[in-house]
Amino acid sequence: MTVARRNRFARAAARRVDADPRRVPAAAPPAPRPDKVIQTAQAWAPTVARLVLGLVLLWFGLHELLQPSLWTGYVPVISATSKFALVMVLLHGWVLVLTGAALLLGIAPRLAGALSALLLLEIVLSLSVTGGVSDLVARDLGVFGLALAVFASDRQRLVLRD
């Protein structure tokens, strides 16, 4: 069937539908109200930010605990092969894991947000001093901003203890 013929059939069918006065047009489904969507997003955004930050900290903390030798090169001023650098990475990994777990579980979320902001500030400064501005610094600066947002938020959902 050619395009012109299909269009002719479609126009004829449209005229038949429009000509029938008894036909009631189908009601369109109600559109979501933008103000309700925005209110829901505003209510849940701090909680989503806290959970995402908790996952990020838990992820990196577990990696530092499982393979600390891969992370010793990031310890500033100390030789990457020293035992002290290994201990520092393991300690840092435990702090990240505990802070991430506190954020995920909603235990003292503002305190955990403040601690994570301090940890990330330390990471950003350390990376900036030792390696200059890089993609790692930019990424961690973004996560630092997320930590500040979690710390500044006073409206959290899914919280065990505030």
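Whatever comes next refers back to the structure up there.
About the cut-offs
- Residues numbered from 1 in each chain as written.
- Predicted model: local features only at pLDDT ≥ 70, side-chain atom pairs only at ≥ 80, totals over all residues.
- Heavy atoms only, no water.
- Helix = DSSP H or I, 4+ residues; strand = E, 2+ residues; numbered from the N terminus.
- Contact = heavy atoms within 4.5 Å.
- Areas by Shrake-Rupley, 256 points an atom, 1.4 Å probe, with all protein chains shown as cover.
- Core = buried A, V, L, I, M, F, W, Y, C linked by side-chain atoms within 4.5 Å.
- Buried < 20%, exposed > 50% of the residue type's maximum accessible area, 1.4 Å probe, protein only.
- Phe/Tyr/Trp six-rings, centres within 6.5 Å; stacked < 30°, edge-to-face > 60°.
- Lys NZ or Arg CZ within 6 Å of the ring centre and 35° of its normal.

Visitor: Any chance you could explain the overall build of the protein here in plain terms?
Guide: A tally of helices and strands in the protein yields five helices and zero strands. Reading the helices (α) and strands (β) of the protein from amino to carboxyl end gives α-α-α-α-α. Put simply, 71% of the contacts in the protein that link residues at least 6 apart link residues at least 24 apart. Surface summary for the protein: the accessible area is close to 11,100 Å², and the carbon and sulfur share equals 69%.

Visitor: Please clarify how the nonpolar core should be interpreted in this entry.
Guide: One broad trend across soluble globular proteins is that nonpolar side chains are buried collectively. One finds Leu53, Leu57, Leu103, Leu120, Ala147 and Val150 to be the most contacted residues of the largest nonpolar core, which totals 18 residues. Of all the secondary structure elements, the ones that give two or more residues to this core are helix H2 (34-66), helix H3 (83-105), helix H4 (109-131) and helix H5 (135-152). A total of seven residues in this core trace back to one element, the largest contributor, which is H4. Sequence-distant contacts of Leu103, that is, excluding residues within four places in its chain, are made with Arg50, Leu51, Leu53, Gly54, Leu57, Pro109, Ala112, Gly113, Ser116 and Val150.

Visitor: What should I look at first to understand the packing of aromatic side chains in this one?
Guide: Any aromatic ring pair is given by two values, namely how distant the centres are and how the planes are angled relative to each other. According to the stated counting rule, one finds two aromatic pairs in the structure shown. With a centroid separation of 6.0 Å and 90° between ring planes, the pair formed by Phe60 and Trp71 is classed as edge-to-face. Of the two residues, Phe60 sits in helix H2 while Trp71 sits in the loop between H2 and H3, which places them 11 residues apart along the sequence. Taking relative accessible area as the criterion, Phe60 reaches 26% and is therefore assigned partly exposed. Where Trp71 meets Tyr74, the ring centres are 5.8 Å apart and the plane angle is 45°; that geometry is what we call tilted. Residue classification places Tyr74 among the partly exposed residues on the basis of a relative accessible area of 41%. Each residue in the set Phe60, Trp71 and Tyr74 is aromatic and connected to the rest through ring pairs, giving one cluster. It is Arg110 that lies over the ring of Phe151; its NZ or CZ is 5.7 Å from the centre.

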